[in-house]
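# Summary of structural features
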Amino acid sequence: RYFKKYSYKNTELADFMAELSAASGQDLGQWSKGWLQDSGVDTLKYQIKCEAQKVTSLDLEISNPETAKQNRSHAFEIAFLTQQGSGIKVSQNIRVVMNQKKMSVPDAIGQECPKMIYPNYHDNDYMKFQLDDVTVANLRTSFSKVEDPFLRLMFSTTLWQMVRDRELKLDNYSEIALKATTTESDSKVLKQLVFSISGGKHYDDSSVYFFMPNDTPGERLARQKFVAAVENTYYENLIKSKLGSDEQLTWFESLTHATETPDGLNRLVQTMNS
């Protein structure tokens, strides 16, 4: 319709948005202003309350960046994850359309209280998210039990973004991520975890190694202990990986990039010569 209507003519953005509005049955003028003519990324926070293992309320709040001139509309899916057998799976998926800064989610009331929440299931919205304390605490002990590898990837990405936004302590993230590398089977999740811990090609300025303080004697000692733990974990994972596999290559490359201590460097030389 758009190309036929404006064939051999000049157009403006408003012309294109008018055709999209007509086709969708929705006025997309405000959407266009917020998403195409404004800058910055919104952040979603949520608060959940439970009684007797049932959800009594779920409240959402969006904060806009300082550069934003108006509110943006958002559409996303909130996943509730619960323990099911030996794994943690999505038990409830609630679709939300949010056109204001604050709202409650009535569809959540009465649902089983989740062990974890991921507020952008299927990654359909463009927004930053802050996970609640219960979800973060359960990820510290049960990250590997989340059965959906894409959700594990989203969780690790969101946790790292929370570190970048100073909403999660660096040592809390490093504990979760390093422990997760010992059991992770999905190559994409594994690479994301490793890069966020020790960096790699094009990732050095966005890793625990890069951000960990290293100025005072105490900070340097703490960093050395963490680096040694990373070296040992990577080496053990390398030894356990199948000979000639992509996993083995990932661990070898990661080990060579992450090794800094004298003991680690000596072991790396022996590994390369063996």
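Residues numbered from 1 in each chain as written. Predicted model: local features only at pLDDT ≥ 70, side-chain atom pairs only at ≥ 80, totals over all residues. Heavy atoms only, no water.

### Re the side chain of Glu184
As for its placement among the helices and strands, Glu184 is situated in the loop between helix H6 (170-181) and helix H7 (187-198). Judged by relative accessible area, which is 8%, Glu184 ranks as buried. A distance of 2.9 Å separates a polar side-chain atom of Glu184 from the backbone nitrogen of Asp186. Beyond its immediate sequence surroundings of up to four residues, Glu184 is in contact with Phe143, Arg152, Val189, Leu190 and Leu193. (Helix = DSSP H or I, 4+ residues; strand = E, 2+ residues; numbered from the N terminus. Buried < 20%, exposed > 50% of the residue type's maximum accessible area, 1.4 Å probe, protein only. Polar contact = N/O pair within 3.5 Å; in protein donor to acceptor, adjacent residues only side chain to side chain. Contact = heavy atoms within 4.5 Å.)

### Brief notes about the sheet that holds strand E1 (residues 43-51)
Here 4 strands make up an open sheet; going across it, the order is E5-E2-E1-E7 and the pairing mixed. At either end of the open sheet lies a strand with only one pairing partner, and these are strand E5 (102-104) and strand E7 (128-130). Neighbouring strand axes in the sheet, compared pairwise and without regard to direction, differ in orientation by 20 degrees on average. (Pairing = 2+ DSSP bridges. Axes fitted to C-alpha atoms, helices over the stretch in contact; angles between N-to-C directions.)

### A short note on H6
Residues that lie three or four places apart on an α-helix share one face, since the helix turns once every 3.6 residues. The end-to-end C-alpha distance of H6, which contains 12 residues, comes to 17 Å, matching closely the 16 Å that a straight helix rising 1.5 Å per residue would cover. Within the span of H6, buried status applies to Leu170, Asn172, Tyr173, Ser174, Ile176, Ala177, Leu178, Ala180 and Thr181. Residues of H6 that are buried in the fold lie against helix H4 (133-142), helix H5 (149-164), H7, helix H8 (208-211), helix H9 (217-240) and helix H10 (246-258). (Expected span 1.5 Å × (residues − 1).)

### Describing unusual backbone geometry
Phi at Tyr8 takes a positive value of approximately 65 degrees, unusual for a residue other than glycine. Within the element layout of this structure, Tyr8 appears in the loop between helix H1 (2-5) and helix H2 (13-24).

### Some thoughts on the packing of aromatic side chains
Aromatic rings in a pair are described by how distant their centres are and how their planes are angled relative to each other. This model, assessed by the stated rule, comprises 10 aromatic pairs. Measuring from centroid to centroid gives 6.0 Å for Trp160 and Phe211, while their planes differ by 55 degrees, and the two rings are tilted. A residue pair is termed long-range when its members are at least 10 positions apart, and Trp160 in helix H5 and Phe211 in helix H8 qualify at 51 residues. Residue Trp160 is classed as buried on the basis of its relative accessible area of 8%. Grouping aromatic residues by their ring pairs yields a cluster made of Tyr2, Phe3, Tyr6 and Phe16. Looking at Arg72, its charged tip hangs above the ring of Trp35, at a distance of 5.3 Å from the centre. Over the aromatic face of Tyr235 sits the side chain of Arg267, whose NZ or CZ is 4.4 Å from the ring centroid. (Phe/Tyr/Trp six-rings, centres within 6.5 Å; stacked < 30°, edge-to-face > 60°. Lys NZ or Arg CZ within 6 Å of the ring centre and 35° of its normal.)

### So, the sheet that holds strand E4 (residues 87-98)
Pairing in this open sheet of 3 strands is antiparallel, and the strands run E4-E3-E6 from one edge to the other. Each having just a single partner strand, E4 and strand E6 (116-118) make up the two edges of the open sheet. The sheet shows a mean angle of 20 degrees between the axes of neighbouring strands, taken without regard to direction. The pairing of strand E3 (residues 74-84) with E6 spans 3 bridges and is antiparallel. Counted as the bridge partner of Phe80 is Ile117 from E6. The strands touched by H4 are E4 and E6; relative to E6, the strand with the most contacts, the crossing angle is about 110 degrees.

### Details of the environment of Gly110
Relative to the helices and strands, Gly110 resides in the loop between E5 and E6. A relative accessible area of 43% means that Gly110 is categorised as partly exposed. When the C-alpha positions of Gly110 and Val55 are compared, they lie 5.1 Å apart, and in sequence the two are 55 residues distant. Those residues in contact with Gly110 that lie beyond four places of it in its chain are Lys54 and Val55.

### Here we look at the nonpolar core
Leu60, Ile78, Val96, Leu131, Phe155, Tyr173 and Tyr234 are the most contacted members of the largest nonpolar core, which has 61 residues in total. Non-local contacts of Phe155, meaning those with residues more than four positions away in its chain, are made with Leu81, Met116, Ile117, Tyr118, Leu131, Thr135, Leu139, Phe143 and Val146. (Core = buried A, V, L, I, M, F, W, Y, C linked by side-chain atoms within 4.5 Å.)

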